[in-house]
Amino acid sequence: MAISAKGGSLCLKKICFQGVRKHFSAVGVEAVLGLPTPLIKDLLPHLTVCQLDELQPALNQRGLSTHPGWIRVLQDMCGPNHVTDFDTEEEAKHEVMRMLFTLVFYGFTNPFVKRNIANLNTPSFLWAAAKCIKHFLLTTPVESLTAERRPLLNLLEKRIWSVGVSQSIAISKRRTQTALYVLHRLLDHGVAKKIVVHVQCPIVLAWILHGRGSQYVNPDLKELLESKKASCVSQTASASADGASCGSGLGTGAAEEQVTPCKRSKLDSAEDPRRSNFTLDPQVLCRTFTPRDGPSVGACPWGRIDCLDIRQCGSDSLRVLNSALPTFFCLRSLTLHSFLTFRDSDVLSLAKALKQLSDSSHSSLADLNISVLPCTWLVEVLLDASPKLASLTAEIQTLMWGQRLLPQRPRAAASGVSAERLPLEKLDIKVAELQTDLRFVTSVLRRCPQFTSLRLAGIRLPSGSSLSQLFTTLSDSNPLLRSLNLEDLKLSDCLPEILNLLRDCKLQELRFNDCRLLEQWSNKEESLQQLVDALKAVPSLHALSLAQNRLAKNVCVLAELFSGPAPSSVKRLDVSSNFIQPAELLEFAKRLRIHRPPHRLTLDLRVNPGDRDPDTWNAALKRLRPFCVLLVKGWSSTDTMADHISNM
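Bear in mind that the values here come from a model prediction, so they are computed numbers and not experimental data.

Each value, and the rule that gives it
- Residues numbered from 1 in each chain as written.
- Predicted model: local features only at pLDDT ≥ 70, side-chain atom pairs only at ≥ 80, totals over all residues.
- Heavy atoms only, no water.
- Phe/Tyr/Trp six-rings, centres within 6.5 Å; stacked < 30°, edge-to-face > 60°.
- Helix = DSSP H or I, 4+ residues; strand = E, 2+ residues; numbered from the N terminus.
- Buried < 20%, exposed > 50% of the residue type's maximum accessible area, 1.4 Å probe, protein only.
- Disulfide = S-S within 2.5 Å.
- Pairing = 2+ DSSP bridges.
- Right-handed = clockwise from strand over helix to strand, strands pointing away.
- Core = buried A, V, L, I, M, F, W, Y, C linked by side-chain atoms within 4.5 Å.
- pLDDT = per-residue confidence, 0-100.
- Contact = heavy atoms within 4.5 Å.
- Axes fitted to C-alpha atoms, helices over the stretch in contact; angles between N-to-C directions.
- Parallel < 35°, antiparallel > 145°, perpendicular 65-115°, else oblique.
- Left-handed = near helix turned anticlockwise from the far one by under 90°.
- Nonpolar A, V, L, I, M, F, W, Y, C, P; charged D, E, K, R; others polar.

Section: the packing of aromatic side chains
Part 1 of the reasoning: In total, this model carries seven aromatic pairs according to the counting rule given.
Part 2 of the reasoning: Between Phe101 and Phe105 the ring centres are 5.5 Å apart and the planes differ by 10°, which places this aromatic pair in the stacked class. Of this pair, Phe101 and Phe105 both sit in helix H7 (residues 89–105), four residues apart, which is roughly one turn of the helix. Note on accessibility: Phe101 and Phe105 belong to one class, buried.

Structure follows, in structure tokens:
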């Protein structure tokens, strides 16, 4: 079979690129930099991660970006249909290094690692990745960081801002001491200020919190810290280590005692670490694992945790936290997630501890994220307990039918006393219940004149009710609103109130996802045009999402956003999951080509049935690419359930 000159040229170029990749060290950086700019751009997607990292500084000085190379690596790792939504070089590079570092460091594997193991399983890659990542996931084993990879630990101390604990730690095991030593180095000697605990492990949580912000000393942890020898931990405790250290074995009675702030105790143990094979004392751990030929270890510094994220927060972990909260003055952000719905009593105990913290002028807590709450009423309880919050995120699941019996408390509306105004700026509420009283949201909005961001998802109103009051309240009470994100709501009967809100607002981001916008509109195209006209009149708006609204052929109306002498300033438009057929996208592309956006538009077209007519779909994409960054993910029309849902 004859090969065309053009095809042969492309084949030869690819062979050369593969040769540069294989013999990069022999070719040298200077030789690569000496290539013409177009050739360098074509070469980047063929290089390894370490080669891209090595070339990046010099290329940046020449005004060239390695972004295409990092995107190609991500596509190779995640598959061709994975949307790599990273606009900058550093974002794409960080994502590559984040994903690969944990895999290579712990010896995990996947198809990409297997194909590139010769380039990845090297000290140079781990060193390059460690310079980029900000989060370190602590699992086992980590012994190498106290031996041949000790220089890597020194680098991680300077780079890591966030540490995750992803595996249960049995307190009585030698390997535990290595893990705690690494935690100590990152939290106390390093710059890490955020800790993410992925496991239910109350005693380890107590160890993490001890001395790093709160002045509370957990009695059970104190007993372990002051133990002189491993024998102080009885065989019974050892036998139940997994249950006691990672379950409900932490002294419940002591943790439930009323919190009395006390001075932080010094953890310097008088024992000789060489005579003891068990210690939890960070100071002793540091001396134990420091090389004998290394510099002498003085008194270790104490770190401060300002961001705490507990991903499996059971009742026992919550008791540990509640005891520490009243004097946890450096804590700025708190995230609590439970796979089971929190009990009312647990949330009320948390609110009590938050109130004690908030009453102090030294409190720094500004962000609270909690899930899953058993009812909406508790959102107001938490806000009243922490009136200084700037941001509250909550997920609510009501599992019972009928009216809940809750403790009585004075309500401002009922007592005739005006509710205290709150400095809250951001509220994010996701609800899963049969019916929700919208007043719990509107009452909060009226108390928050500094409100800038609102996300609501899943609210179901009683039959015959409307969410129109939500938009009326936003118009009247929240003039500083910048971001409005509504998901899985029914808004088709709220068009007049939406238009009224848009007439005088400073919105920068608007998301109506799965809001059944067109459901009750008698003239869908005309009503959508009214919405488009109102959106064009908001000069601050730069992100618009109408995903999952069954726009279908009506997507063409959105091209009018950029028509006329005053086009919209929207730079990101999401019309994913709208059952847009290839012919409809082609018509949209034709109209958008006539009304070109003033800025390059990021257009999200994911989960639309492009495979119904691939040629027409690709023709539409070709028309859009000159002025759009396209986010496209494959659709399989053989998946009849997805097809059905899109048409519902």
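Structural notes on the state of the cysteines
Part 1 of the reasoning: Applying the stated criterion across every chain yields a total of zero disulfides.
Part 2 of the reasoning: This cysteine, Cys16, is not joined by any disulfide, and Cys11 carries the nearest cysteine sulfur, 9.7 Å off.
Part 3 of the reasoning: The class for Cys16 is partly exposed, based on a relative accessible area of 44%.
Part 4 of the reasoning: Cysteine Cys300 is unpaired, with the sulfur of Cys286 as its nearest cysteine sulfur at 3.6 Å.

Considerations on the pairing of strand E2 (residues 162–165)
Taken residue by residue, a regular strand's side chains alternate between the two faces of the sheet.
Part 1 of the reasoning: The alternating pattern of E2 places Ser162 and Gly164 and Val163 and Val165 on opposite faces, both of which are buried.
Part 2 of the reasoning: Bridge count for strand E1 (residues 135–138) against E2 is four bridges, and the pairing is parallel. If you follow Leu138 over to E2, its bridge partner there is Val165.
Part 3 of the reasoning: Handedness of the crossover joining E1 and E2 through helix H11 (residues 150–159) is recorded here as right-handed.
Part 4 of the reasoning: When E2 meets strand E3 (residues 194–197), the two strands line up parallel, connected through four bridges. Following the sheet pairing, Val165 is matched in E3 by Val197.

Regarding the nonpolar core
Part 1 of the reasoning: Core analysis: the largest hydrophobic core is formed by 187 residues, its most contacted members being Phe136, Leu308, Leu484, Phe512, Phe588 and Leu624.
Part 2 of the reasoning: Broken down by element, the residue count for this core peaks at eight residues, all from H7.

Some words on the confidence of the model for the protein chain
Part 1 of the reasoning: Here the protein chain averages 85 in pLDDT, and 83% of its residues register 70 or above.
Part 2 of the reasoning: Here residues 228–276 is modelled with pLDDT under 50, and outside its nearest four sequence neighbours on either side it reaches 82 contacts, counting other chains as well.

Comments concerning the packing of helix H24 (residues 468–477) against helix H25 (residues 495–503)
Part 1 of the reasoning: For the pair H24 and H25, the least separation of the axes is 8 Å and the interaxial angle reads 15°. Viewed along their axes, H24 and H25 adopt a mutual orientation that is roughly parallel. Judged by the twist between their axes, the crossing of H24 over H25 is left-handed. Here Ser468, Phe471, Thr472, Leu474 and Ser475 of H24 lie close against H25, whose contacting residues are Glu497, Ile498, Asn500 and Leu501.
Part 2 of the reasoning: Taken together, the residues of the contact of H24 with H25 break down into four nonpolar, four polar and one charged.

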